[in-house]
Amino acid sequence: MPGFELWGEEERKEVNDVLGTGILMRYGFDGPRKGMWKSKELEKAICETFGAKHSQLTSSGTSALTTAMAALGIGAGDEIIMPSFTFVASFEAVLSIGAIPVLVDIDESLTLDPEAVRSAITHKTKSIMPVHMCGSMADLEALQTICKENDLLLLEDACQSIGATYKGNYVGTIGDAGTFSFDFVKTITCGEGGVVMTNDESVHKKCDEYSDHGHDHLGADRGADQHPFLGYNFRISELHAAVGLAQIRKLHTFLNIQKKNHEALKNTLAQIPEISFRTIPDPAGDSCTFISWFLPTEEITRAVVAEMKAQNILAGNFYWYDNNWHYIRKWDHLKNASSLNAFSHDLKQAVLESVNKDFTASDTIMSRCVSTSISLLWTEQQIKEKGERMAAAIKKILGKSTVSK
C-alpha cells in the first residue's frame, strides 16, 4: 500500500511549516504556533474526502481501534467478532480494552463470512468488526443486516483499504465507527498515525477526549481542562499530521495509478485458466492495492511460491498462509494467550477458547491464495515483464502438476 512511494516537495513543505514554528504538539501553544494547526486541517480534509461527519486523529491505526472501541462502550467481557485473516493490531486493540476477540472463518472475499458471523453470536457479543483486507471490502450489507437483527455495533477496521468504497460510500464511514491506519506502508501515510471516523457526534466527542488523557478540551487553558473519564495518550503529532495533509491531497492520484496497474497485471494472470480471483463484494469500489489470486490446491500454490522465490520474482507477492503477521495459523502468542501483562483468568480462558477452534474453512482458502501488491512506480514495460515472468513460473508448475497426475 504504497503512499510512501510518491514522496516529494509537498510533504516537505508541510513538515517545514511545522518546523518553522517549533510547535510539534497538536494541542495548546496557541501563540507561538502562529495559527498553524496541521492536525485540525487533516481532520477536516478527512471528513471532506471520505464523507464522514467527524474524524479524530490518533497516533496509529491500533490506537484508533482502541479509541473507537472505548468510545462505543465496548469493554470487559464483551465479545467482538472478527476475521481469521487480519493484522495482529486488530486483536491487540480488542484485548487492550479487556474485550474478547472471537475469530471466525472468512470466505473467498478474504473477509468475514456472514454465515460464520451468525453462528458465532452469543449473549456476550457486542460488536462485529469486519477487517477490509488488501484494499477491498467485506460484505457490508449482509453484516449491517446481522447487526440490526441482533442489536450489535458495526466497527469497520478499514486500515488496509483507504479509498475503497462500498455502494458509493467509503469504507470506514458506513458502520457506527471506522478506522484507518496511516503508517508507513498504507495507501496514504503519516509515517505513523491513524484516525477514527464516525457520524455520531457523541462518539466523536468521546474519541477526542479519550485519545488525550480524558481532557475535555472545552477551555482556552489546557491545564484547567476537566477530565470526565480516564483516557490515554494516543495523540498524533503535528509533524505526522503534516505529512498526512500532503498525502491526502494525492489520494485520488494514487488510486487512479493503482487501478490502472492492477488491471494491466490482472489481465495477464487471468489468461491462466487455473487461476481464480478473490470475490469483491463491490468490484467498482476496490482500491486495487493488491491482486489476490487462487490456485487449485495448496500443493500447487506452495510449488509456485517456491518457483517464484527461486527465480527471484517473489518480492511483492505474499503467501499469507505461512505469514505470521496476518493469519491465525501462525499466531502462537495469541493461541497461548502470551502477554507481558497478565490477563484476568476469565479473559485468558475466553481467548484460549475463541482462537483455538477449527479454522479448516479459512485454511482451505488461505492455503491457495497469493496476494500481489501493486506499485505506483511501475512503468508499462515493468508491468508487462512482471506479468510474463509470473505467468511463466505459474505455468511451469502447472505443467509439472498435470504430468504428475
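Fair warning: this is a prediction, and the values are worked out from it, not measured in the lab.

Note on placement: Glu 156 falls in strand S5 (residues 153–157). For the buried residue Glu 156, which engages in no salt bridge, the nearest side chain bearing the opposite charge is Lys 148, 13 Å off. In this structure the side chain of Glu 156 is engaged in a polar contact, spanning 2.9 Å, whose partner is the side chain of His 132. There is a polar contact of 2.8 Å between the side chain of Glu 156 and the backbone nitrogen of Gly 175.

Where nonpolar side chains cluster on the molecular surface, the patch consists of Phe 4, Phe 184 and Val 185 and spans about 250 Å² of accessible area. Inspection of the secondary structure assignment puts Phe 184 in the loop between strand S8 (177–181) and strand S9 (194–198).

Bringing the pattern of salt bridges into the picture now. A full pass over the atoms with the stated rule returns 24 salt bridges. Its salt-bridge partner being Lys 13, residue Asp 17 comes within 2.8 Å of it at the nearest N-O pair. Of this pair, Asp 17 and Lys 13 both sit in helix H1 (residues 9–21), four residues apart, which is roughly one turn of the helix. Of the charged contacts, one joins Lys 38 and Asp 17 as a salt bridge, the two residues approaching to 3.0 Å between their closest N and O atoms. Placement of Lys 38 in helix H2 (residues 38–50) and of Asp 17 in helix H1 is noted, with a sequence separation of 21 residues between them. According to the relative accessible area criterion, Lys 38 is buried, its value standing at 3%. Connected through shared salt-bridge partners, Lys 13, Glu 14, Asp 17, Lys 38 and Arg 249 make up one network.

With five of five residues buried, strand S13 (residues 369–373) lies mostly within the body of the structure. Residues Cys 369, Ser 371 and Ser 373 point to one face of S13 and Val 370 and Thr 372 to the other, with burial holding for every one of them. Judged from the five bridges that link them, strand S11 (residues 290–294) and S13 form a sheet pairing that is antiparallel. Paired with Phe 294 across the two strands is Cys 369, which belongs to S13. Alignment of strand S12 (residues 317–318) against S13, held across two bridges, turns out to be antiparallel. In the strand pairing of S13, Phe 318 is matched with Ser 371.

Before going further, it helps to examine the sheet that holds strand S3 (residues 100–104). Read across the open sheet, the seven strands follow the order S1-S9-S8-S5-S4-S2-S3; overall the sheet is mixed. A single partner strand is all that each edge strand has here, and the edge strands are strand S1 (54–58) and S3. Each neighbouring strand pair of the sheet contributes to a mean axis angle of 25°, computed without reference to strand direction. The pairing of strand S2 (residues 79–83) with strand S4 (residues 125–128) spans three bridges and is parallel. The residue of S4 that forms the bridge with Glu 79 is Thr 125.

To continue, consider the side chain of Arg 368. Tracing the chain through its elements places Arg 368 in the loop between helix H13 (360–366) and S13. By relative accessible area, Arg 368 is classed as buried at 15%. When near neighbours in sequence (up to four residues on either side) are disregarded, Arg 368 contacts Glu 108, Trp 293, Phe 294, Leu 295, Pro 296, Thr 297, Glu 298 and Thr 301.

All chains considered together, the criterion is met by 14 aromatic pairs. With a centroid separation of 5.5 Å and an interplanar angle of 65°, the aromatic rings of Tyr 210 and Tyr 232 are classed as edge-to-face. In this pair, Tyr 210 sits in helix H7 (residues 201–210) while Tyr 232 sits in the loop between H7 and helix H8 (238–248), placing the two residues 22 residues apart along the sequence. The rings of Phe 50, Tyr 170, Phe 180 and Phe 182 are connected pair by pair, giving a single aromatic cluster.

Summarising the element assignment, Glu 209 is placed in helix H7. With relative accessibility at 2%, the residue Glu 209 sits in the buried group. In sequence terms Glu 209 and Gly 73 are 136 residues apart; their C-alpha atoms lie 14 Å from each other. Setting aside residues up to four positions removed in sequence, Glu 209 forms contacts with Gly 214, His 215, Asp 216, Pro 228 and Phe 229. A distance of 2.5 Å separates polar atoms of two side chains, one belonging to Glu 209 and the other to Lys 205.

Calculation criteria
- Residues numbered from 1 in each chain as written.
- Predicted model: local features only at pLDDT ≥ 70, side-chain atom pairs only at ≥ 80, totals over all residues.
- Heavy atoms only, no water.
- Helix = DSSP H or I, 4+ residues; strand = E, 2+ residues; numbered from the N terminus.
- Buried < 20%, exposed > 50% of the residue type's maximum accessible area, 1.4 Å probe, protein only.
- Lys, Arg positive; Asp, Glu negative; His and termini not counted.
- Salt bridge = Lys/Arg side-chain N within 4 Å of Asp/Glu carboxyl O.
- Polar contact = N/O pair within 3.5 Å; in protein donor to acceptor, adjacent residues only side chain to side chain.
- Patch = residues over 30% accessible without salt bridge, like charges linked within 9 Å, V, L, I, M, F, W, Y side chains within 5 Å.
- Areas by Shrake-Rupley, 256 points an atom, 1.4 Å probe, with all protein chains shown as cover.
- Pairing = 2+ DSSP bridges.
- Axes fitted to C-alpha atoms, helices over the stretch in contact; angles between N-to-C directions.
- Contact = heavy atoms within 4.5 Å.
- Phe/Tyr/Trp six-rings, centres within 6.5 Å; stacked < 30°, edge-to-face > 60°.

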